[in-house]
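Examination of the molecular architecture
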Amino acid sequence: MSRIEQLIGEIEEYIDSCKYQALSNNTKIIVNKEELEELLVELRLRVPDEIKQYQKIISNQDAILNEARYQADNMIQEATAQTNELVNEHEIMQRAYATANQIVEDAKIQAQSIIDAAVGDANNIRQGAILYTDDMLRNVQNIISNTMGDAQERLGSFLSAMQSSYDVVTANRNELSQDMNSPSPEGMMGPEA
């Protein structure tokens, strides 16, 4: 298991361990911002390291291809050596040419087969690394999206509560303003009272 997978697991465990916000129908949680940010920072730092590892795997493609070329060159050298030996013998010169050509042709076919297999293996490794990295990034993206959604909901609830308080204060001030503008009971009775 890679460190990125471990971090994603830790983030999920942390989210599961958070307390639910009061009156939230168990849909909103209270998150320690610093803890979550620490996990996300470490996750951001780890992603480039894992990508470098996959790049190393992909760079092994060159080593595989070089080994295939090395084997192909050796086969061609052996075929050339055999050809030279056969050509040097006069009485079997025609047979030597035919055999040498066949050996060179077989060596080329085998070398091409080794190179094709190496390229196929390298491409499969590269594709696997790309798919794995994309899967990890999708998980990170989902975590960030969920965190942003939760934060937006909390902000919306806070603004709604503030608007409600503002409306109550405004209504109270309007009531006071009306009381100040209406005549007092003493003023209504006049000076005779």
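Shown above is the structure to which this text applies.
So, here is what we can say about the structure in this document. Only a predicted model underlies this, so the values are computations on that prediction, with no experimental measurement involved.

Our next topic: the overall build of the protein chain. Counting its secondary structure elements, the protein chain contains four helices and zero strands. Put simply, the protein chain has 193 residues, and 18% of those count as buried. When contacts within the protein chain are restricted to residue pairs at least 6 apart in sequence, long-range pairs at least 24 apart make up 68% of them. About 14600 Å² of surface is accessible on the protein chain, with carbon and sulfur atoms providing 53% of the total.

For helix 3 (residues 93–181), spanning 89 residues, the distance from its first C-alpha to its last is 128 Å, which sits close to the expected 132 Å at 1.5 Å a residue. For helix 3, the set of buried residues is Ala-96, Ala-100, Ala-107, Ala-111, Ala-118, Ala-122, Ala-129, Thr-133, Met-136, Val-140 and Ile-143.

By the element assignment, Asp-116 lies in helix 3. It is 9.2 Å that separates the C-alpha atoms of Asp-116 and Ala-68, two residues lying 48 residues apart in sequence.

For the pair helix 1 (residues 3–17) and helix 3, the least separation of the axes is 11 Å and the interaxial angle reads 20°. In terms of axis orientation, helix 1 runs roughly parallel to helix 3. As helix 1 runs across helix 3, the sense of the crossing is left-handed. Facing Ile-4, Glu-5, Ile-8 and Ile-11 of helix 1, the residues of helix 3 in contact are Tyr-132, Met-136, Asn-139, Val-140 and Ile-143. The class makeup of the residues in the contact of helix 1 with helix 3 is seven nonpolar, one polar and one charged.

A word on a nonpolar patch on the surface. A surface patch of nonpolar side chains, amounting to about 410 Å² of accessible area, comprises Leu-155, Phe-158, Leu-159 and Met-162. Within the secondary structure, Met-162 sits in helix 3. By relative accessible area, Met-162 is classed as partly exposed at 46%.

Now for the nonpolar core. Core analysis: the largest hydrophobic core is formed by 15 residues, its most contacted members being Ile-4, Ile-8, Ile-11 and Leu-43. Look past the residues within four positions of Leu-43 in its chain and what remains in contact with it is Ile-4, Leu-7, Ile-8, Ile-11 and Val-140.

The subject of this paragraph is the environment of Ala-111. Structurally, Ala-111 can be placed in helix 3. In this structure, the C-alpha to C-alpha distance between Ala-111 and Asp-73, residues 38 residues apart in sequence, is 8.2 Å.

With that settled, the discussion passes to helix 1. In this model helix 1 runs 21 Å from its N-terminal to its C-terminal C-alpha over 15 residues, within 8% of the 21 Å that 1.5 Å per residue would give. Within the span of helix 1, buried status applies to Ile-4, Leu-7, Ile-8, Ile-11 and Tyr-14. One side of helix 1 carries all its buried residues, which in axial view fall inside an arc of 120°. Away from its buried face by more than 90 degrees, helix 1 exposes Glu-13, Asp-16 and Ser-17.

Cut-off values and rules
- Going along each chain's sequence as written, the residues are numbered from 1 onward.
- With pLDDT at 70 or above as the cut-off, local features in this predicted model cover only qualifying residues; side-chain atom pairs require 80 or more to be listed or tallied, and sums for whole chains, interfaces and linings still use all residues.
- Hydrogens and water are ignored here; the side-chain numbers use all heavy atoms of the structure.
- Note on conventions: DSSP H or I runs of at least 4 residues are helices, E runs of at least 2 residues are strands, and numbering of each starts at the N terminus.
- Think of it in three bands: residues with accessible area under 20% of the maximum for their type are buried, residues over 50% are exposed, and the middle band is partly exposed, with areas taken using a 1.4 Å probe on protein chains only.
- In what follows, residue pairs with any heavy atoms lying within 4.5 Å of each other are defined as contacts.
- Here the open area of atoms and residues is found with the Shrake-Rupley method and a 1.4 Å probe, where only the protein chains shown may cover a residue.
- Take the residue count of a helix, subtract one, and multiply by 1.5 Å to get its expected span.
- Axes here mean lines fitted to C-alpha atoms, for a helix over just the part in contact, with angles spanning 0 to 180 degrees between N-to-C directions.
- Relative orientations are named as follows: roughly parallel for angles under 35 degrees, roughly antiparallel for angles over 145 degrees, roughly perpendicular for angles from 65 to 115 degrees, and oblique for any other angle.
- By convention the crossing between two helices is left-handed if the near helix lies anticlockwise of the far one by an angle smaller than a right angle, and right-handed if it lies clockwise.
- Amino acids outside the nonpolar list (Ala, Val, Leu, Ile, Met, Phe, Trp, Tyr, Cys, Pro) and the charged list (Asp, Glu, Lys, Arg) are all regarded as polar, and Gly is one of them.
- Put simply, a patch holds well-exposed residues, over 30% relative accessible area, that have no salt bridge, with like charges counted together within 9 Å and Val, Leu, Ile, Met, Phe, Trp or Tyr side chains within 5 Å.
- Whenever a carboxyl oxygen of Asp or Glu lies within 4 Å of a side-chain nitrogen of Lys or Arg, that contact is scored as a salt bridge.
- Note on terminology: a nonpolar core comprises buried Ala, Val, Leu, Ile, Met, Phe, Trp, Tyr and Cys residues joined through side-chain atoms within 4.5 Å.
- Directions drawn from the helix axis to the C-beta atoms are what define this arc.

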